[in-house]
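Spelled out from the first residue to the last, the chains are:
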Amino acid sequence: YERFEKTILVRSEFYRVPIATALTVVESAQAMGDHTPERDALRKSWKEGGASLIAVPMVVCRSGQRAVVSAGFGRSEETGESPGAESHTLCEFEVDPVLGADYLTIDVGLRVALGSRHADGLQRELETQVVILDQQWALVGAWSVESETILVFFTASIQSVGGDVRVVGAAADPEPQSGRE
């Protein structure tokens, strides 16, 4: 097989959880580099109503190429209506992934920012550099405000542009088999 150029899909998930849940997740994540079990547990909690999934930015880019995703979202907690300027949440996700020479590891420069236009005017930002394995989840940061915590997970997966292509003809099979035309 000949390999085409690789792209990298990078995705993050922002969960809002009670601080006690966050402490349990953080303590569990300290033991291993792969935080997929912690992410899966939070995803299950979200489906059962125990956590809020507040943002899921995702981008596909070439190895070594910086990419940015920015979004505004939210609803007024009082009325359920579309947000006004005072209730709008902003999310920015900036990545610079580099595929390792082993084609298994991905070195990711990552910056995430989560802010709101609420009266408190809080802006939360995280910038880090992490090496992970293809399709592995990592807990890269957390912010606590009063009794709630926002946990930030991310993953990166290697994708082939066009997929693998089988070489046909003499280059693919230098020794002809009998009975084949």
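All values derive from a computational prediction rather than experimental measurement.

Caption draft 1: Looking closely at the pattern of salt bridges. One pass over the full model with this rule turns up 9 salt bridges. Arg11 is the partner of Glu13 in a salt bridge, and the nearest nitrogen-oxygen pair spans 2.3 Å. Of the residues examined, Glu13 reaches a relative accessible area of 0% and is grouped as buried. Judged by relative accessible area, which is 25%, Arg11 ranks as partly exposed. Bridged by salt links that share partners, the residues Arg11, Glu13, Arg39, Asp40 and Arg43 form one connected network.

Caption draft 2: Quick look at the environment of Thr36. Here Thr36 shows up in helix 2 (residues 36–47). Taking C-alpha positions, Thr36 is 4.8 Å from Trp137, a pair spaced 101 residues apart along the chain. What Thr36 contacts, discounting residues up to four positions off in sequence, is Gln136 and Trp137. Here Asp34 takes part through its side chain, which lies 2.5 Å from a polar atom of the side chain of Thr36.

Caption draft 3: The confidence of the model for the chain, seen in detail. The pLDDT averaged across the chain works out to 79; a share of 73% of its residues lies at or above 70. This model gives residues 75–87 a pLDDT under 50, and the stretch forms 14 contacts once residues within four places in sequence are excluded.

Caption draft 4: Summary view of the packing of aromatic side chains. Summed over all chains, the structure comprises 1 aromatic pair. Centroid distance Tyr15 to Phe153: 6.2 Å. Interplanar angle 85°. Geometry classified as edge-to-face. In this pair, Tyr15 is assigned in strand 1 (residues 6–18) and Phe153 in strand 9 (residues 148–160), connecting sequence segments 138 residues apart. When its relative accessible area of 0% is taken as the criterion, Tyr15 is described as buried.

Conventions used here
- Residues numbered from 1 in each chain as written.
- Predicted model: local features only at pLDDT ≥ 70, side-chain atom pairs only at ≥ 80, totals over all residues.
- Heavy atoms only, no water.
- Salt bridge = Lys/Arg side-chain N within 4 Å of Asp/Glu carboxyl O.
- Buried < 20%, exposed > 50% of the residue type's maximum accessible area, 1.4 Å probe, protein only.
- Helix = DSSP H or I, 4+ residues; strand = E, 2+ residues; numbered from the N terminus.
- Contact = heavy atoms within 4.5 Å.
- Polar contact = N/O pair within 3.5 Å; in protein donor to acceptor, adjacent residues only side chain to side chain.
- pLDDT = per-residue confidence, 0-100.
- Phe/Tyr/Trp six-rings, centres within 6.5 Å; stacked < 30°, edge-to-face > 60°.

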